[in-house]
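Examining the three-dimensional arrangement
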Amino acid sequence: MSIPVTEAESEVLAALWRRGPLSAKPLIEEVQSVQDWGDATIKTLLGRLMRKGAILSERVDDRQQYRALISRSDYVRREIRSLAQRLFAGDQSALLAALKD
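As a starting point, this report considers the structure included with it.

The subject of this paragraph is the pairing of strand β2 (residues 55-60). Pairing analysis gives 6 bridges linking β2 to strand β3 (residues 63-68), with the strands arranged antiparallel. For glutamate 58, the partnering residue across the bridge sits in β3 and is glutamine 65. Remark: 2 residues form the turn of the hairpin made by β2 and β3, two consecutive strands paired antiparallel; aspartate 61 in that turn has positive phi of roughly 50°.

Structure follows, in structure tokens:
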């Protein structure tokens with residue numbers, strides 16, 4: 001199953017891939033270390049990702065914790081396929097050749 005992830009949503013996932021499961025405050029701080037976004041923006045992105053099934057929110061030691069349900073490698077593969085489709089009618093070897101130029 002392929003879950004569509006926006007560029008902004010990918011920043012939240014990237015924070016979870018870097019640091020592993022996090023509670024809200026450390027997750028927000030991690031995202032803000034690379035993006036100048038307010039807490040509300042990040043919480044909105046979290047909500048979207050949860051509705052899509054890309055992340056899970058669970059109770060751990062009396063704290064709400066978030067973890068990615070999409071692996072970074074699966075996300076990267078999907079993005080590469082999407083880029084190849086958009087630019088080279090799905091021909092990944094053509095994409096690779098263009099990257100070598």
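Anyway, onward from the coordinates.
The next thing to look at is helix α2 (residues 24-32). Every α-helical turn comprises 3.6 residues, leaving residues that sit three or four positions apart pointing alike. Of all the residues in α2, the buried ones are Leu27, Ile28, Glu30 and Val31. Buried residues in α2, looked at end-on, bunch into an arc of 160°, giving them a common side. Looking at the buried residues of α2, the elements they touch are α1 (7-19), β1 (22-23), α3 (39-52) and β3.

In contact at an axis separation of 9 Å, α1 and α2 are set at 110° when each is read in the N-to-C sense. Judged by the angle between their axes, α1 and α2 are roughly perpendicular. Our pair here, α1 against α2, has a crossing hand that is right-handed. Where α1 approaches α2, its residues Glu11, Val12, Ala15, Leu16, Arg18 and Arg19 are matched on the opposing element by Pro26, Leu27, Glu30 and Val31. Classifying every residue of the contact of α1 with α2 by side-chain character gives 6 nonpolar, no polar and 4 charged.

This part takes up the packing of α1 against α3. For any two helices packed against each other, the geometry comes down to the angle between their axes and how far apart the axes lie. Remark: α1 packs on α3, axes separated minimally by 10 Å, with the N-to-C direction vectors making an angle of 90°. By the angle class used here, α1 and α3 are roughly perpendicular. Residue-level contacts link Ala8, Glu9, Val12 and Leu13 of α1 to Ile42, Leu45, Leu46, Arg48, Leu49 and Lys52 of α3. Of the residues belonging to the contact of α1 with α3, the class tally is 7 nonpolar, no polar and 3 charged.

Ranked by size, the top nonpolar core spans 19 residues in total, and within it Val5, Val12, Leu27, Leu49, Ile55 and Ile70 carry the most contacts. Of all elements in the fold, only α1, α2 and α3 reach the threshold of two or more residues within this core. Sequence-distant contacts of valine 12, that is, excluding residues within four places in its chain, are made with Leu27, Val31, Ile42, Leu45, Leu46 and Leu49.

Rules used throughout
Residues numbered from 1 in each chain as written. Predicted model: local features only at pLDDT ≥ 70, side-chain atom pairs only at ≥ 80, totals over all residues. Heavy atoms only, no water. Pairing = 2+ DSSP bridges. Helix = DSSP H or I, 4+ residues; strand = E, 2+ residues; numbered from the N terminus. Buried < 20%, exposed > 50% of the residue type's maximum accessible area, 1.4 Å probe, protein only. Arc of directions from axis to C-beta. Contact = heavy atoms within 4.5 Å. Axes fitted to C-alpha atoms, helices over the stretch in contact; angles between N-to-C directions. Parallel < 35°, antiparallel > 145°, perpendicular 65-115°, else oblique. Left-handed = near helix turned anticlockwise from the far one by under 90°. Nonpolar A, V, L, I, M, F, W, Y, C, P; charged D, E, K, R; others polar. Core = buried A, V, L, I, M, F, W, Y, C linked by side-chain atoms within 4.5 Å.

Fair warning: the whole summary comes from geometry, so function is off the table for now.
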